[in-house]
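Each chain, written out:
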Amino acid sequence: MRLWFLWFALLAAGFSQAAAQSKAILEGNVVNAITGDPLPGARVKLSLPAQPADALYTKTDAQGNFRFPNLDADRYQLAVERPGFLRLGEASHRGSMVDLRSGANPRFATGLPNPDIKVSTTVEADGSLHATVTVPLTPYAAVTGTVTDPNGMALRDVQVQVYVKRPISKRPATIPVSMAEVLPDGQSEAYRSTSISTNDLGEFRAGRLPPGTYYFAVAKGGGPGAWLSTYRSTYF
C-alpha cells in the first residue's frame, strides 16, 4: 500500500511540474528608439501563428509597460504599433516571433527597423518561463517643402516624387528597373517609393517615411515620368 501511495505521489508531482513548465509570462516595455522615452498607449498583439483569430491584445500603460500572464508555453508572434511610429517588423510586414516553450531561449526574428529588441528571461519557482522584453519603435520622419518657379511663384498641382536610396543588390525581382535611378557610385539606386502633389500654395508634405536617405524630384501633373517641360528635372 505504501509503495502504491508513493507511486501516486510521485506521479502527481510529475504532472504538477509538467503543468508549471507548460506556462509562461511575457512582459515588456515599449520605448521611443531615438529618445528612449516610454510610449504609453501602444497597441500590443500576441498570437499563435496557426491561430491568428485567437490573438491577445493589450495596451501599454503610462510607463510603456505591458504584460501577458498565464500563457501556454508556445511560439508566439508579437506585434506592436503606435500612431507616428513604424510598426514592429513593418519593413518585413510581419511581427516578431518569440519562443516561450519550456527550455527554449526566447529569441526574436525581427525585420528592420527593429533589430535591437532586448530580451531577458528567468525561471519562476514553479518552473514557468518569465520573459521580459524591451521593444524600441522608430518614429516616422516627414519632409515638407515648397515648389516655386525661378521667379519665386508657387507652383500648384505639381507632382513631387519621393525616392529612397538602397543598394542595387537589394532590389526585389518584382520591381521594374524603370522605377529606379542608378546613383553615381554604381552600387546604389534611388527607388521611387511614392509621390504627392503640391497644394495651392505650392507646398507639399511627405510623411510616414522610415529612416533612410531620400531624394525628391519635381514633375508636372499627369503621373510619374511627366516631367516639367519648361524646367530641368531637379533632384534634392
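A brief report on the enclosed structure follows.

About the thresholds
- Residues numbered from 1 in each chain as written.
- Predicted model: local features only at pLDDT ≥ 70, side-chain atom pairs only at ≥ 80, totals over all residues.
- Heavy atoms only, no water.
- Helix = DSSP H or I, 4+ residues; strand = E, 2+ residues; numbered from the N terminus.
- Core = buried A, V, L, I, M, F, W, Y, C linked by side-chain atoms within 4.5 Å.
- Buried < 20%, exposed > 50% of the residue type's maximum accessible area, 1.4 Å probe, protein only.
- Contact = heavy atoms within 4.5 Å.
- Polar contact = N/O pair within 3.5 Å; in protein donor to acceptor, adjacent residues only side chain to side chain.

**Considerations on the environment of D126**
Tracing the chain through its elements places D126 in the loop between β7 (118-123) and β8 (129-137). With 103 residues separating them along the chain, D126 and K23 place their C-alpha atoms 9.5 Å apart.

**Focus on the nonpolar core**
Among soluble globular proteins, nonpolar side chains are generally buried collectively. In this structure, V30, V80, L100, V135 and L137 are the most contacted members of the largest nonpolar core, which totals 23 residues. When residues of this core are traced back to their parent elements, those giving at least two are β1 (23-32), β2 (43-48), β4 (65-72), β5 (75-81) and β8. Those residues in contact with V80, other than ones at most four positions away along the chain, are V30, A42, R43, V44, R87, L88, V135 and L137.

**Here we look at the environment of Y76**
Mapping Y76 onto the fold places it in strand β5. For the pair Y76 and K45, spaced 31 residues apart in the sequence, the C-alpha separation amounts to 9.9 Å. Excluding residues within four positions of it along the chain, Y76 makes contact with L46, S47, L48, L71, S96, M97, V98 and L100. A polar contact is formed between the side chain of Y76 and the backbone oxygen of D72, at a distance of 2.6 Å.

**What to know about the side chain of Q159**
Among the structural elements, Q159 can be located in strand β10 (residues 159-167). Residue classification places Q159 among the buried positions, given a relative accessible area of 14%. Within the local environment of Q159, its side chain forms a polar contact with the side chain of S195, the two groups lying 3.4 Å apart. Here S197 takes part through its side chain, which lies 2.6 Å from a polar atom of the side chain of Q159.

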